[in-house]
Amino acid sequence: MPALESGHIAPVTYLFGRAPASTDTVKVKDVAVQDVAVQDVAVQDVAVHDTGAHSPPERSGGFKSISNISMYALARRGMSAEEMFAYLLSRDFENGEVELECERLLRVGLLDDLALAQTLVRTLTDRKGLGRGSIVAELRRRKIDSSAIEEALEELEAGDELERAIAIAQKRAPQLRSLDAVTARRRLGAFLQRKGYSGSVISTAVARALEPTGPVFR
């Protein structure tokens, strides 16, 4: 290739249509690549955030505060004070900080054994038709304070429980049409017993549901 008199190499002449992309074009491509990279990072961030949003807070890393863990638990369901205490201990917090957190939750009303007991009594009677015995067993299983249990059970009047047992027995009775009277009484009584009704309530409810003019024998 001939050299110029100044000693520099002569500029290269490219064939038509073969010139390389301009510097501006390369820069545009670089920016586009960077934009894609930024988008990839954003997608990764969203994925990590979504995964963490549905996972319980961890003791170490991420959510370290005991209050975050207790609030997460309460957002899932109501808890008694004893349930919360046992739960936080199971998350490896020290006994002292667990006591302080439970005291805080009690002080602000987020832990309330009486309110929880009253809610459970209404739910177990209205939705599940349980008797006093089964309700007491469930409240004790939930570690609710005994005084709160007694106060919540004051809402269960004997007359209301009997009427509820009769209604449940009458609803169940048509399923016993194919049985003889003795077997029908035994099975209906066992059904009410499993729901936690007392013996006197069961006897009255069974007699009312299976009386000769009732839904089974009429």
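Just so it is clear, the structure is predicted and the values come from calculations on it, not from any experiment.

Q: Mind showing me how you'd approach the overall build of the protein here?
A: For the protein, the helix and strand inventory stands at 10 helices and 0 strands. Across the protein, helices and strands are ordered from the amino to the carboxyl terminus as α-α-α-α-α-α-α-α-α-α. For the protein, the exposed surface amounts to about 14700 Å²; the carbon and sulfur share of it is 54%.

Q: For this particular structure, what's the right way to read the packing of helix 5 (residues 113–126) against helix 6 (residues 132–141)?
A: Angle between the axes and distance between the axes are the two parameters that describe a pair of packed helices. Across the interface, helix 5 lies against helix 6 with an axial gap of 10 Å and an inter-helix angle of 140 degrees. Taken together, helix 5 and helix 6 sit at an angle that is classed as oblique. In terms of crossing hand, the pair formed by helix 5 and helix 6 is right-handed. Facing A117, L120, V121, L124 and T125 of helix 5, the residues of helix 6 in contact are I135, E138 and L139. Classifying every residue of the contact of helix 5 with helix 6 gives 6 nonpolar, 1 polar and 1 charged.

Q: I tried to follow a nonpolar patch on the surface on my own but got confused; where do I start?
A: Taken together, the side chains of M71, V108 and L110 make up a nonpolar region of the molecular surface, amounting to roughly 250 Å² of accessible area. Position of V108 relative to the elements: it lies in the loop between helix 4 (95–107) and helix 5. In this structure V108 comes out as partly exposed when scored by relative accessible area, which is 49%.

Q: I tried to follow the nonpolar core on my own but got confused; where do I start?
A: Most often, soluble globular proteins keep nonpolar side chains buried together rather than apart. If you look at the biggest cluster of nonpolar residues, it comprises 17 residues, and the most contacted ones within it are A169, L188, L192, Y197, A205, V206 and L210. Mapped onto this core, the elements with two or more residues apiece are helix 8 (158–172), helix 9 (181–194) and helix 10 (199–210). Listed in part, the 15 residues of the second largest apolar core include L116, A117, L130 and I144.

Q: Can you help me understand helix 9 in this one?
A: One turn of an α-helix holds 3.6 residues; hence residues three or four places apart share an orientation. If you check helix 9, its first and last C-alpha atoms are 20 Å apart, about what 14 residues at 1.5 Å a residue would give, namely 20 Å. Residues T183, A184, L188, G189, F191 and L192 constitute the buried set of helix 9. Just downstream of helix 9 lies G196, where phi reads positive at about 95 degrees.

Q: Could you clarify how one ought to interpret the side chain of R164 in this entry?
A: Structurally, R164 is set in helix 8. Although R164 is buried, it makes no salt bridge; E161 carries the closest opposite charge, 4.4 Å away. If near-sequence neighbours (up to four positions away) are discounted, R164 is found in contact with T125, G129, L130, L156 and Y197.

Q: Looking at this model, I keep getting lost on unusual backbone geometry. Mind explaining?
A: Among all residues except glycine, the phi angle is most often negative; among peptide bonds, the trans geometry is most common. Non-glycine residue D92 carries a positive phi angle of around 70 degrees. Mapped onto the fold, D92 is located in the loop between helix 3 (81–90) and helix 4. In the Ramachandran plot, K143 falls in the positive-phi region, its phi being about 60 degrees despite a non-glycine side chain. Assignment of secondary structure puts K143 in the loop between helix 6 and helix 7 (146–153).

Q: Please clarify how the pattern of salt bridges should be interpreted in this entry.
A: Oppositely charged side chains can pair when the atoms bearing their charge come close. According to the stated counting rule, one finds 4 salt bridges in the structure shown. If you follow the salt bridges from partner to partner, you end up with R77, E83 and R142 in one network.

Q: Is there a simple way to think about the packing of helix 5 against helix 7 in this case?
A: Between helix 5 and helix 7, whose axes approach to 8 Å, the crossing angle comes to 40 degrees. Between helix 5 and helix 7, the interaxial angle falls into the category oblique. As helix 5 runs across helix 7, the sense of the crossing is right-handed. Judged by residue contacts, D113, L114, A117, Q118 and V121 of helix 5 engage A148, E151, A152 and L153 from helix 7. Residues that form the contact of helix 5 with helix 7 fall into these classes: 6 nonpolar, 1 polar and 2 charged.

Thresholds applied
- Residues numbered from 1 in each chain as written.
- Predicted model: local features only at pLDDT ≥ 70, side-chain atom pairs only at ≥ 80, totals over all residues.
- Heavy atoms only, no water.
- Helix = DSSP H or I, 4+ residues; strand = E, 2+ residues; numbered from the N terminus.
- Areas by Shrake-Rupley, 256 points an atom, 1.4 Å probe, with all protein chains shown as cover.
- Axes fitted to C-alpha atoms, helices over the stretch in contact; angles between N-to-C directions.
- Parallel < 35°, antiparallel > 145°, perpendicular 65-115°, else oblique.
- Left-handed = near helix turned anticlockwise from the far one by under 90°.
- Contact = heavy atoms within 4.5 Å.
- Nonpolar A, V, L, I, M, F, W, Y, C, P; charged D, E, K, R; others polar.
- Patch = residues over 30% accessible without salt bridge, like charges linked within 9 Å, V, L, I, M, F, W, Y side chains within 5 Å.
- Salt bridge = Lys/Arg side-chain N within 4 Å of Asp/Glu carboxyl O.
- Buried < 20%, exposed > 50% of the residue type's maximum accessible area, 1.4 Å probe, protein only.
- Core = buried A, V, L, I, M, F, W, Y, C linked by side-chain atoms within 4.5 Å.
- Expected span 1.5 Å × (residues − 1).
- Lys, Arg positive; Asp, Glu negative; His and termini not counted.

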